[in-house]
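# Architecture at a glance
Here's the letter readout for the chains.
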Amino acid sequence: MINVIVSGFNGSMGQKAVKMVNESTDMQLVAGFNPVVKDLNPENYGLNKNVKIFNQVSKIDTKADVWIDFSIPSAVFDNTKFAIGKGIRPVIGTSGMSEDQTAELKKMADAKGLGGIIASNFGLSAVLMMKFAQVAAKYFDESEIVEKHHEDKIDAPSGTALNTARLIYQARGHEQIPHSNNDPMHTRGGDYHGIKIHALRLPGFVADEEVIFGGVGETLTISQSTTDRESFMTGVKLAIHEIMSIDHLVIGLEQII
C-alpha cells in the first residue's frame, strides 16, 4: 500500500487528489497539509478519522511514501525540500518554481536516490501537446504560445507554457529570431529565448494552450483543452506508480510517457 500525504488537500486540485487516492486500491491517504487551516479534525473535511491534518510543516511526523503537492507557488519549493529531506517521494503539480529551484531539488533527490516528479501539467493531452511541439520545433524556426487559464490562477505564464517553450528551445538548440521590438504597450507577450508567450486569465477557462508554428507559406497549430480538473488525476496516478521504482527526480511528465 502506498501511503500518501496531500499538500493543499482542501483546495480545488487537492480535493481531486484526495478523491483519486481514496478510490485507488493500492493507495491510502495518511495525512493532509495546509498552513491556513485551523480545524485539524479530519472528519470535518469528510476524511477518515485516522488521517492526520497538519497546518505546520515542522509538525508533520507521519510516515509516508509520496507527497502530492497542489499548494501555492510561494510555498511549493519549501514543501518539496521538506518532503525530500524526510525521504518522501515528491509528486509536484504546483507551478511557479524557477529553473534554479527545480535544479536544486533534483540535486537533493538524486543524491538520496529518491524517485519523484515535478510536472507543469499532469493532463495527458497537455503533455502530448508538448511532446508534439518539441518534434515540430525541429522543422519550424518560429513559434508563439498562447495559454488560457481561469481568472484565479496566480502565476503567469503557466508552468505548462514555460515548459513548452523550454522544450522547443532545447529541440532547436538556438534562440528564436525576435520580431516587433517596438512594443511600448507590451502586446507581444513574455519572452523565452525569443519565443513569445501570451497569457490569458478569464472566467470560463480551466486550462487551454496552443502552440502556433509559422513557416514560409504555412502554419501549424497544436492545441489542447482541459474542461475538468479531474483529467489531471490520470497523470498523477501514472506518475505515482512510476516514481516508486526510480531513483531520481524527473522534471516533466513528458519524460515518462
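Each value, and the rule that gives it
Residues numbered from 1 in each chain as written. Predicted model: local features only at pLDDT ≥ 70, side-chain atom pairs only at ≥ 80, totals over all residues. Heavy atoms only, no water. Axes fitted to C-alpha atoms, helices over the stretch in contact; angles between N-to-C directions. Helix = DSSP H or I, 4+ residues; strand = E, 2+ residues; numbered from the N terminus. Parallel < 35°, antiparallel > 145°, perpendicular 65-115°, else oblique. Left-handed = near helix turned anticlockwise from the far one by under 90°. Contact = heavy atoms within 4.5 Å. Nonpolar A, V, L, I, M, F, W, Y, C, P; charged D, E, K, R; others polar. Core = buried A, V, L, I, M, F, W, Y, C linked by side-chain atoms within 4.5 Å. Buried < 20%, exposed > 50% of the residue type's maximum accessible area, 1.4 Å probe, protein only. Pairing = 2+ DSSP bridges.

### Some details on the packing of helix α4 (residues 124-136) against helix α5 (residues 159-172)
α5 packs onto α4 with a crossing angle of 25° between their chain directions and a minimal axis gap of 8 Å. The pairing of α4 with α5 is recorded here as roughly parallel in orientation. Note on packing geometry: the crossing formed by α4 with α5 is right-handed. Taking contact as the criterion, the partners of Ala126, Met129, Met130, Ala133 and Gln134 in α4 are, on α5, Thr160, Asn163, Thr164, Leu167, Ile168 and Ala171. Of the residues belonging to the contact of α4 with α5, the class tally is seven nonpolar, four polar and no charged.

### Section: the nonpolar core
Counting 51 residues, the largest nonpolar core has Ile68, Val91, Ile117, Phe122, Phe213, Val236 and Ile240 as its most contacted members. Residue contributions to this core peak at six residues, all from helix α6 (residues 232-243). Those residues in contact with isoleucine 240, other than ones at most four positions away along the chain, are Ile2, Met20, Met27, Val66, Ile68 and Val91. In terms of nonpolar packing, the next biggest core, distinct from the first, is built from 21 residues, Val76, Met97, Leu105 and Leu249 among them.

### Details of the pairing of strand β11 (residues 218-226)
Pairing analysis gives nine bridges linking strand β10 (residues 207-215) to β11, with the strands arranged antiparallel. From the neighbouring strand, aspartate 208 faces β11, where its bridge partner is serine 225. Hairpin connection, β10 to β11: the antiparallel pair is bridged by two residues, and glycine 217 has positive phi, about 75°.

By themselves, these observations are geometric and do not establish any function.
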